[in-house]
Amino acid sequence: MTRRQARPGPTRADKPRTRVSGYSAAALVRQGLRSTPGWERAWGSHDLRDRYEVVIIGGGLHGLATAYYLASRHGITDVAVLDKGYLGGGGSGRNTAIARSNYLTPEGVAFYDRSLNLYENLAAELNFNIMFSQRGHLTLAHSDASLRTMRWRAEVNKVQGVDSEVIDPDDIKNLAPALDVSDEPRYPVLGALYHPPGGIIRHDAVVWGYARASDLYGVHLHQGTEVVGIDTGHGKVTGVQTSRGRISTGTVVNCTAGWSTLINDMVGVRTPIVTAPLQAAVTEPVKPFLDPVVVSGTLHVYVSQTARGELVFGASVDPFAQYSMRGSLDFIEGLAGHVLELMPGLSKMRVLRQWAGLCDMTPDYSPIMGPTGVEGFHVDIGWGTYGFKAGPVAGEQMALLIADGKPPALIEPFGLDRFLSGELVGEKGAASVGH
Ligand code: PYC
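Calculation criteria
- Residues numbered from 1 in each chain as written.
- Predicted model: local features only at pLDDT ≥ 70, side-chain atom pairs only at ≥ 80, totals over all residues.
- Heavy atoms only, no water.
- Pairing = 2+ DSSP bridges.
- Helix = DSSP H or I, 4+ residues; strand = E, 2+ residues; numbered from the N terminus.
- Axes fitted to C-alpha atoms, helices over the stretch in contact; angles between N-to-C directions.
- Core = buried A, V, L, I, M, F, W, Y, C linked by side-chain atoms within 4.5 Å.
- Buried < 20%, exposed > 50% of the residue type's maximum accessible area, 1.4 Å probe, protein only.
- Near = heavy atom within 4 Å.
- Polar contact = N/O pair within 3.5 Å; in protein donor to acceptor, adjacent residues only side chain to side chain.
- Areas by Shrake-Rupley, 256 points an atom, 1.4 Å probe, with all protein chains shown as cover.
- Nonpolar A, V, L, I, M, F, W, Y, C, P; charged D, E, K, R; others polar.
- Salt bridge = Lys/Arg side-chain N within 4 Å of Asp/Glu carboxyl O.
- pLDDT = per-residue confidence, 0-100.
- Contact = heavy atoms within 4.5 Å.
- Patch = residues over 30% accessible without salt bridge, like charges linked within 9 Å, V, L, I, M, F, W, Y side chains within 5 Å.
- Lys, Arg positive; Asp, Glu negative; His and termini not counted.
- Charge placed at Lys NZ, Arg CZ, Asp CG, Glu CD.
- Parallel < 35°, antiparallel > 145°, perpendicular 65-115°, else oblique.

1. A closer look at the sheet that holds strand E10 (residues 236-242)
Point 1. Pairing in this open sheet of three strands is antiparallel, and the strands run E9-E10-E11 from one edge to the other. Looking at which strands have only one partner, the edges of the open sheet turn out to be strand E9 (227-233) and strand E11 (245-248). Looking at each pair of strands side by side, their axes are set apart by 25° on average, direction ignored.
Point 2. Across six bridges, E9 lies against E10 in antiparallel orientation. By the bridge assignment for E10, Val227 is matched with Thr242.

2. Looking at the nonpolar core
Point 1. Membership of the largest hydrophobic core comes to 59 residues, with the highest contact counts inside it found for Ile56, Phe111, Tyr119, Val206 and Tyr210.
Point 2. Sorting elements by how many residues they give to this core places helix H10 (residues 387-404) first, with nine residues.
Point 3. Of all hydrophobic cores here, the second largest spans 27 residues; its members include Leu299, Val303, Leu342 and Met343.

3. As for the sheet that holds strand E19 (residues 377-381)
Point 1. In spatial order, the strands read E8-E2-E1-E12-E19-E18; together these six strands make up an open sheet with mixed pairing. Two strands in the sheet have a free side with no partner beyond their single neighbour: strand E8 (220-222) and strand E18 (368-371). Strand-to-strand, the axes of this sheet are offset by a mean angle of 15°, without reference to chain direction.
Point 2. In this structure, E18 lies alongside E19, joined through four bridges in antiparallel fashion. Counterpart to Ile368 in the pairing with E19 is Ile381.

4. Here we look at the site of the ligand
Point 1. Around the ligand sit Thr96, Ile98, Arg100, Tyr302, Thr385, Tyr386, Lys389 and Ser432, and those are all the residues in its vicinity.
Point 2. Thr385 is positioned such that a nitrogen or oxygen atom in its backbone is 2.9 Å from a nitrogen atom of the ligand.
Point 3. Lys389 is positioned such that a nitrogen or oxygen atom in its side chain is 3.4 Å from an oxygen atom of the ligand.
Point 4. Against a free-state accessible area of 240 Å², the protein chains account for coverage of 96% of the ligand.
Point 5. Tallied by class, the residues present in the shell around the ligand amount to three nonpolar, three polar and two charged.

5. What to know about the pairing of strand E12 (residues 251-254)
Point 1. Residues Thr251 and Val253 of E12 are buried on one face, and the alternating residues Val252 and Asn254, pointing to the opposite face, are buried as well.
Point 2. Note that strand E1 (residues 54-57) and E12 share four bridges and pair parallel. Counted as the bridge partner of Ile56 is Val253 from E12.
Point 3. Alignment of E12 against E19, held across three bridges, turns out to be parallel. Its bridge partner lying in E19, Val253 is registered against His378.

6. Here we look at the pattern of salt bridges
Close approach of charged atoms lets side chains of opposite charge pair.
Point 1. One pass over the full model with this rule turns up 10 salt bridges.
Point 2. For Glu341, the salt bridge goes to Arg186, with nearest N and O atoms at 2.5 Å. One end of the pair, Glu341, is in helix H9 (residues 329-342); the other, Arg186, is in the loop between helix H6 (169-175) and strand E6 (191-195), with 155 residues separating them in the sequence.
Point 3. Put simply, Arg202 and Asp204 hold a salt bridge, and the shortest N to O gap is 2.8 Å.

7. With respect to the confidence of the model for the chain
Point 1. Confidence along the chain averages 93 in pLDDT terms, with 93% of residues attaining 70 or more.
Point 2. Ignoring residues within four places in sequence, the model shows residues 11-21, a span with pLDDT below 50, making 19 contacts including any to other chains.

8. Comments concerning a negative patch on the surface
Point 1. Together, Asp163, Glu165, Asp168, Asp170 and Asp171 give the surface a local cluster of negative charge.
Point 2. Within the secondary structure, Asp171 sits in helix H6.
Point 3. A residue is classified by how much of its surface remains accessible, and Asp171, at 34% relative accessible area, is partly exposed.

9. Digging into the packing of helix H3 (residues 106-120) against H10
Point 1. In contact at an axis separation of 8 Å, H3 and H10 are set at 90° when each is read in the N-to-C sense. Overall, the two elements H3 and H10 adopt an arrangement that is roughly perpendicular. Where H3 approaches H10, its residues Phe111, Tyr112, Arg114, Ser115, Leu118 and Tyr119 are matched on the opposing element by Phe388, Lys389, Ala390, Gly391, Pro392, Val393, Ala394 and Glu396.
Point 2. Considering only residue class, the contact of H3 with H10 consists of nine nonpolar, two polar and three charged.

10. Thoughts on unusual backbone geometry
Glycine aside, the phi torsion of most residues is negative, and most peptide linkages are trans.
Point 1. Of note in the backbone geometry, Ala97 takes a positive phi value of approximately 65° without being a glycine.
Point 2. Along the chain, Ala97 turns up in the loop between strand E2 (79-82) and strand E3 (98-99).

11. Some details on the environment of Pro367
Point 1. By the secondary structure assignment, Pro367 is in the loop between strand E17 (351-361) and E18.
Point 2. Excluding residues that lie within four positions of it along the chain, Pro367 makes contacts with Tyr112, Ile381, Gly382, Trp383, Phe414 and Arg418.

See below:
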């Protein structure tokens, strides 16, 4: 793809669109209820053009970040992002908003650390508050085997300059006094991997920030636009069939989760992905009492407290493949029991909501990124339970791939061909919870 001069940053992003300070609560409500002058839409809607230089399938974090970096870093603005639902309605709005880079493989650590660096500067870059709270991340070890994996991860992390160390139960208690670190529980806490730069981010804000900034660069964001086919000829992509008409294009990027294999099927690209739901839940808000994100692989649970005071919980993926995004009673019962083993003081808290997101699991728990056997058809898929953390770096690197025509070093290990060569990037040991 021909690289153009990247345009300077979006002009309108420099000034806030909404003057929030100075409004009373009642005025804010009034503003919200009427069609308000000064409250412009964050992004526009457009007629679907019959040609775009690049078509991105999936209007979640990865698709929007790819569009944003194509426009902002490479001057490629003739881009359409298509989503069959609404922006951020899939995994981007269903994850538990955790960011960290304490992975197990050198390839994974380098990749997720770049993402964390991008996240650290993202609010300033997009002029949008993504509420990144770097409150630290604790992965508890309840057995000698998991303590050994934590030590292994800490060493790999440190060699690559990532702040990560194994700490003992007294230090854990100082960081999270609500945790039971005594030897009373069924699985006593023996230690933890502590990763100070990890934390939580307002996930919807990341989606909205990238969407608004892409729109300002001239990218077209098409919601309610389903891809029903992809045209190819002589081994190359030639167009995309959508529920709103056909688009000719030579470059398509599959940035979907849950539907990634169905999109790949449209061009005959086979990927070793199994889709499974990952369930999560949120409680009523309470006063702040839990600072770090706490993860227990043995108890299959992770928990953090949001800025609003709610506790957000997640678990491991359900042990069967399906496309349902509803929560189950079985999950909430198991989760509640496990949470109470960690923090018995929470027995009176009420759960408000539960839901599920779809995770595309690969055999080695690493993503599949890069070109495929069909010229012009690229994939950014197979994120399993790691997609939210990787959004910025995935977008940055996919944009670089499209602009340069070859996979950048950071994503080379994650190519589809690794399943033929056998050079897998085994990242299961860095999963938040066992699968
Ligand atoms: O890997 O940190 C993680 C994670 C959290 C939720 C799902 N995966």
